[in-house]
Amino acid sequence: MSKLIFAGNWKMNMGPAAARDFLKVFLQRYKKESGVEVWIFPPASSIEAVAREVRDRPEIVVGAQHVYWEESGAFTGETSIPIIVDAGARAALVGHSERRHIFGETVEDTGRRARALLDAGLTPVFCVGEKLEQREAGHTEAVVVAQLGGLDGLNASQLSKIVFAYEPVWAIGTGKNATPADAAQVHAAIHNWMAGRGVARRDVTVLYGGSVKPENVVSLISEPTIDGVLVGGASLEAAGWAEIVAARPN
Ligand code: 13P
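None of these values were measured; they are calculated from a predicted model.

Quick notes on the overall build of the chain
So, step 1. In terms of regular secondary structure, the chain is built from eleven helices and eight strands.
So, step 2. Taken against the 2.2 N^0.38 rule, which gives 18 Å for 250 residues, the C-alpha radius of gyration of the chain at 17 Å falls within 12% of a compact globule.
So, step 3. If one aligns the C-alpha atoms of the chain with their principal axes, the spans along those axes are about 50 × 45 × 30 Å.
So, step 4. Looking at the chain residue by residue over its 250 residues, the buried ones come to 52%.
So, step 5. Within the chain, counting contacts between residues at least 6 apart in sequence, those at least 24 apart form 71% of the total.
So, step 6. As displayed, the chain offers around 11,100 Å² of accessible surface, 51% of which is attributable to carbon and sulfur atoms.
So, step 7. Counting 25 positive and 29 negative side-chain charges, the chain places the averaged centre of each group 4 Å from the other.

Quick look at the structure:
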């Protein structure tokens, strides 16, 4: 693993004023360290405020939670890639479980979004994960591989620029995290899928997400297949987030 990524997904929380207050506290507590990156995914209207606060901190990446693949036009309510770039974003989440399950994002949609982001030179953070009933039925790997199908048609060079996030749906916002061993199994399946498309292990980055907190982050990032974490609830409080970001593998 070449770097360790701590990504915070603020979901539908934190307007520009709250984002600025958060960054003031966080940046006082955060110490830059080589090989460690902090990524923040604010709601679209706070991207610019966050990007301004971190403009002298290139190790902090700002990203969007959602983009539309068309560049501009009559798509009411959507945000294009050029718009988020203008606001300061360098990455975007794709296929987050809330987008798939609440808003009906399809496998095909995730592919269009990922391709458009890659074409624009941004990093897609491609999220996959199974529901509890799928895990209990033994279908975890099949579900994840079907979700990865959205990326069919991309070549090895494009695939190696994607960051993956395994977020089991049953672990999101529930307080129940996957064990490092549970996550390792799925991370290995993603590695195999990428190997089958000609991407070497060193070019594959897979984060784990789902109820990551200061108390469990060290055990998760100590698992060699976990290259970092994607954090929802525990990324919303600046001091707790600084504690998570300061965690290092055992
Ligand atoms: P929680 O950390 O709140 O479980 O959310 C995880 C998540 O969905 C991050 O994208």
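Details of the pairing of strand β8 (residues 228–231)
So, step 1. Residues G228 and L230 line one face of β8 and the alternating positions V229 and V231 line the opposite face, and both faces are buried.
So, step 2. As paired strands, strand β1 (residues 4–9) and β8 are joined by four bridges and run parallel to one another. Across the sheet, A7 pairs through a bridge with L230, a residue of β8.
So, step 3. As paired strands, strand β7 (residues 205–209) and β8 are joined by two bridges and run parallel to one another.

Focus on the side chain of T110
So, step 1. Position of T110 among the secondary structure elements: in helix α5 (residues 107–119).
So, step 2. Taking relative accessible area as the criterion, T110 reaches 0% and is therefore assigned buried.
So, step 3. Not counting the four nearest positions on each side in its chain, T110 is found in contact with V94, G95, R100, E105, F126 and G150.

Topic: unusual backbone geometry
So, step 1. Within the chain, K11 stands out as a residue other than glycine whose phi angle is a positive 50°.
So, step 2. With respect to the helices and strands, the residue K11 is situated in the loop between β1 and α1 (16–29).
So, step 3. A positive phi angle, close to 80°, is found at M14, a residue other than glycine.
So, step 4. Looking at the element boundaries, M14 is found in the loop between β1 and α1.

As for the nonpolar core
So, step 1. Counting 67 residues, the largest nonpolar core has F6, F26 and I190 as the members making the most contacts within it.
So, step 2. The residues touching F26, leaving out its near neighbours within four places in the chain, are V38, I60, A238, W241, A242 and V245.
So, step 3. Judged by nonpolar contacts, the second largest core, of 13 residues, contains A91, V125, A165 and L230.

Regarding the packing of α1 against helix α11 (residues 238–245)
Two numbers describe a pair of packed helices, the interaxial angle and the distance between the axes.
So, step 1. α11 packs onto α1 with a crossing angle of 35° between their chain directions and a minimal axis gap of 9 Å. In this structure, the crossing between α1 and α11 has a hand that is right-handed. In contact with F22, V25, F26 and R29 of α1, α11 contributes A238, A239, W241, A242 and V245.
So, step 2. A class-by-class count of the residues in the contact of α1 with α11 yields eight nonpolar, no polar and one charged.

As for the site of the ligand
So, step 1. Around the ligand, the structure places 13 residues, and the nearest of them are H96, G173, S211, G232 and G233.
So, step 2. One of the backbone N or O atoms of G233 is found 2.8 Å from an oxygen atom in the ligand.
So, step 3. Burial of the ligand by the surrounding chains reaches 94%, relative to a free accessible area of 310 Å².

Section: the packing of aromatic side chains
So, step 1. All told, the structure shown has eight aromatic pairs when counted by the stated rule.
So, step 2. On the basis of an interplanar angle of 15° and a centroid distance of 5.2 Å, the ring pair of F26 and Y30 is categorised as stacked.
So, step 3. Judged by its relative accessible area of 0%, F26 falls in the buried class.
So, step 4. Where Y68 meets W69, the ring centres are 4.6 Å apart and the plane angle is 35°; that geometry is what we call tilted.
So, step 5. By relative accessible area, Y68 is classed as buried at 18%.
So, step 6. A relative accessible area of 22% means that W69 is categorised as partly exposed.
So, step 7. Put simply, the rings of W10, F22, F26 and Y30 touch in pairs and so form one group of aromatic residues.
So, step 8. Positioned over the ring face of W193 is R197, at 3.9 Å from the centre of the ring.

Quick look at the pattern of salt bridges
Pairs may arise between side chains of opposite charge once their charged atoms sit close together.
So, step 1. What the rule picks out here adds up to eleven salt bridges.
So, step 2. When the shortest N-O distance is used, the salt bridge between E48 and R52 registers 3.0 Å. Taken together, the residues span about one helical turn, with E48 and R52 both in helix α2 (residues 47–53) at a distance of four residues.
So, step 3. For E48, a relative accessible area of 40% corresponds to the partly exposed category.
So, step 4. Salt-bridge contacts for D152 lead to R197; the nearest nitrogen and oxygen are separated by 3.8 Å. Here the residue D152 occupies a position in the loop between α7 (140–148) and α8 (156–159), and R197 occupies one in the loop between α9 (180–195) and β7, the gap between them amounting to 45 residues.

Criteria and cut-off values
As a convention, each chain's residues are numbered from 1 in the sequence order in which they are written. Whole-chain, interface and lining totals are the exception, using all residues; otherwise, since this is a predicted model, local features are given only for residues with pLDDT of at least 70 and side-chain atom pairs are given and counted only at 80 or more. Note that the side-chain values use all heavy atoms of the structure and ignore hydrogens as well as water. Secondary structure elements follow DSSP: runs of H or I of four or more residues count as helices, runs of E of two or more count as strands, with numbering from the N terminus. We compute the radius of gyration over the C-alpha atoms and compare it with the globule rule, which gives 2.2 Å times the number of residues raised to the power 0.38. Each residue's exposure class comes from its accessible area (1.4 Å probe, protein chains only) as a fraction of the maximum for that residue type: buried when under 20%, exposed when over 50%, partly exposed otherwise. Throughout, a contact is declared for two residues whenever any of their heavy atoms are within 4.5 Å. In short, Shrake-Rupley with a 1.4 Å probe defines the accessible areas, and a residue's cover is counted only from the protein chains shown. His is not counted here, nor are the chain ends, while Lys and Arg score as positive and Asp and Glu score as negative. We put the charge of a Lys on NZ, of an Arg on CZ, of an Asp on CG and of a Glu on CD. Two strands make a pair as long as DSSP finds a minimum of two bridges between them. To form a nonpolar core, buried Ala, Val, Leu, Ile, Met, Phe, Trp, Tyr and Cys residues must be joined to one another through side-chain atoms within 4.5 Å. The convention used is that axes are lines fitted to C-alpha atoms, helices contributing only their stretch in contact, and that angles between N-to-C directions extend from 0 to 180 degrees. Here a crossing is taken to be left-handed if its near helix is turned anticlockwise relative to the far helix by less than a right angle, and right-handed if that turn runs clockwise. For this scheme, ten residues count as nonpolar: Ala, Val, Leu, Ile, Met, Phe, Trp, Tyr, Cys and Pro. Four count as charged, namely Asp, Glu, Lys and Arg, and the remainder, Gly too, count as polar. Definition of nearness: a residue and a molecule or strand are near each other if at least one heavy atom of the residue lies within 4 Å of the molecule or strand. Whenever two N or O atoms come within 3.5 Å, that pair is a polar contact, provided that in protein one can donate a hydrogen and the other can accept it, and provided that, for residues adjacent in sequence, both atoms are side-chain atoms. Any Phe, Tyr or Trp ring, taking Trp's six-membered ring, that has another such ring centre within 6.5 Å forms a pair; planes under 30 degrees apart are called stacked, those over 60 apart edge-to-face, and the others tilted. Two limits define a charge over a ring: the Lys NZ or Arg CZ must be within 6 Å of the ring centre, and within 35 degrees of the ring normal. For salt bridges, the criterion is a side-chain nitrogen of Lys or Arg within 4 Å of an Asp or Glu carboxyl oxygen.

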